[in-house]
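Residue-level structure breakdown
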Amino acid sequence: DSSNATLSQLAPNQRNTGLTLTKQKFIIPDGAKYMYVNNRYGVDMPIVYRDNISVEEGISNLKKEISILFIGNSLTQDAVSYVPLLLRELAPNLKFKFYVWYNGGYTLAQQLSKFNNDSTCEIFSVCENGTGWLNSNNSVKMSTILSTYQFDIVCLQEYFNYQETANIGAFNGIIEYIENNYPYPFKVVTLFHQPLRSNADIVFARTKVGNALYLKETVAEEMIPSGIAIYRAMQTTLDSLGDQGHLSPDGTHAQEGLPCMIQAYVTAMWILNQVGIPMSVNNASSVVDNNNYDYINVPGPNLGTGVV
């Protein structure tokens, strides 16, 4: 109701009940001001509202949620650091929780070794419904993350700058580790990272082949194509951006500012698609500059001589 007190609830708010709801009618009680529809994966549409609550009003009051655990290196950080800022503009009612497990330059095999040894990551970053990150250095283990946080999606980023082929064993090992230490269901996706600039065409090609193999041979269902945006931008006049050109301060990373925002556009649109929000970044006004850069508290920044 108007005081946020629950008037009625369709199903028990419990996990792992095995309860399946299919094509059921729910009468919204008198005095209801909001209708909150929460589903972890999908719902058979359409949702039909009774006559005295319009479809438009009902849809506007739906609260959508998403939670993602990202596992990767600095190329994952580049792709997600500005996403919260962008989502607050594009979908202000979206509730999100993002967690980033980072080890610099790591492949998935090296990440798995950290898990198995119960070692801490270099940086663990958290952003929950805000625009800034809370970063913990050399203090958080994956076992702790899995027992503390809840997420719907796990995103794995392999590192193809120097590794030529996908490592199916390491990928599956990470998923098995999470399954054995996390009690809830989750969806697995991959992340297509930006290429090493000095070898961009070759790295792009093997990143494409490697991600395709993960999607074919593992439980991974989708791919976040953030790094493709950098590769495509290198074919345009944007290639001049960055201290070393190619939108980079160092030949490996996207420089803070517009280069990282290019990847955030793609990541954010992928997320909005997951939660069924028909929104694009067209005409979005969010920018990262010297006025808000410090507030974001970017995990593992690649600032070079300054924000682009």
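Predicted, not measured: the structure shown is a model, and the values here were computed from it. The residue count restarts for each chain, going from 1 along the sequence in the order it is written. It should be noted that, the model being predicted, local features are given only for residues of pLDDT at least 70 and side-chain atom pairs only at 80 or more, the latter also being counted only at that level, while totals for whole chains, interfaces and linings use all residues. Heavy atoms from the whole structure form the basis of all side-chain values; hydrogens and water molecules are not counted.

1. Concerning the sheet that holds strand S7 (residues 222-224)
Strand pairing in a sheet relies on backbone hydrogen bonds. The paired strands run either parallel or antiparallel. Heads up, the rule is: At least two bridges found by DSSP between two strands are what make those strands a pair. Put simply, DSSP H or I for four residues or longer makes a helix, DSSP E for two residues or longer makes a strand, and each gets a number counted from the N terminus. Lines are fitted to the C-alpha atoms to define the axes, a helix being fitted only along its stretch in contact, and any angle between axes, read from their N-to-C directions, falls within 0 to 180 degrees.
The sheet built from 7 strands is open, its strands ordered S4-S3-S2-S1-S5-S6-S7 with mixed pairing. Edge positions in the sheet fall to strand S4 (134-137) and S7, since each of these pairs with one other strand and no more. Across the sheet, the mean angle from the axis of one strand to that of its neighbour is 20 degrees, orientation sign disregarded. In terms of strand pairing, strand S5 (residues 153-156) meets strand S6 (residues 187-191) through 4 bridges, oriented parallel. Across the sheet, the residue bridging to Ile153 is Lys187, located in S6.

2. Let's talk about the packing of helix H7 (residues 200-217) against helix H8 (residues 226-233)
This is how the line gets drawn: Oblique is the label for any angle not under 35 degrees, not over 145, and not in the 65 to 115 range, which are roughly parallel, roughly antiparallel and roughly perpendicular in turn. Each crossing is labelled by how the near helix is turned from the far one, with a counterclockwise turn of less than a right angle marking it left-handed and a clockwise turn marking it right-handed. Whether two residues are in contact is decided by their heavy atoms, any of which lying within 4.5 Å being enough. Polar here means any residue outside two lists: the nonpolar Ala, Val, Leu, Ile, Met, Phe, Trp, Tyr, Cys and Pro, and the charged Asp, Glu, Lys and Arg; Gly therefore counts as polar.
Close contact between H7 and H8 brings their axes to 12 Å; oriented N to C, the two are set at 150 degrees. It follows from the interaxial angle that H7 and H8 lie roughly antiparallel. With respect to the hand of their crossing, H7 and H8 are arranged in left-handed fashion. Together, Ala200, Asp201 and Phe204 of H7 and Ile228, Tyr231 and Arg232 of H8 make up the contact between the two elements. Along the lines of polarity and charge, the residues of the contact of H7 with H8 split into 4 nonpolar, no polar and 2 charged.

3. Let's talk about the pairing of S5
The side chains of a regular strand alternate between the sheet's two faces. Quick reminder of the rule: Only protein chains enter the area calculation, which uses a 1.4 Å probe; residues under 20% of their type maximum are buried, those over 50% are exposed, and those in between are partly exposed. Looking down the strands as they point away from you, a crossover is right-handed if its path from the first strand over the helix to the second goes clockwise.
Both faces of S5 are covered, namely the face carrying Ile153 and Cys155 and the face carrying Val154 and Leu156. Looking at chain direction, strand S1 (residues 65-72) and S5 are connected through 4 bridges and run parallel. Considered in S5, the bridge of Ile68 is made with Ile153. With helix H6 (residues 168-181) bridging S5 and its parallel neighbour S6, the resulting β-α-β unit is right-handed.

4. Points about the packing of aromatic side chains
Under the convention used in this document: Each Phe, Tyr or Trp ring (for Trp, its six-membered ring) is paired with any other whose centre lies within 6.5 Å, and the angle between the two planes then decides the class: stacked below 30 degrees, edge-to-face above 60, tilted in between.
Summed over all chains, the structure comprises 15 aromatic pairs. Ring geometry for Phe124 and Tyr149: centres 5.5 Å apart, planes at 55 degrees, overall tilted. Of this pair, Phe124 sits in strand S3 (residues 123-128) while Tyr149 sits in the loop between helix H5 (142-148) and S5, and the two are 25 residues apart along the sequence. Note on Phe124: relative accessible area 3%, which makes it buried. Look at Phe171 and Tyr214: their rings are 4.5 Å apart centre to centre, the planes differ by 25 degrees, and that puts the pair in the stacked class. Here Tyr214 lies in helix H7 and Phe171 lies in helix H6, a separation of 43 residues in the sequence. Comparing Phe171 with Tyr214 shows no difference in burial state: the two are buried. An aromatic cluster is defined as three or more aromatic residues linked by ring pairs; in this entry it consists of Phe151, Tyr182, Tyr184 and Phe186.

5. Considerations on unusual backbone geometry
Despite not being glycine, His246 shows a phi value in the positive range, around 60 degrees. For His246, the position within the fold is in the loop between H8 and helix H9 (258-274). Of the residues examined, His246 reaches a relative accessible area of 31% and is grouped as partly exposed. Positive phi is not limited to glycine here, since Leu247 has a value of about 65 degrees. Its place among the elements puts Leu247 in the loop between H8 and H9. Owing to a relative accessible area of 0%, Leu247 belongs among the buried residues under this scheme.

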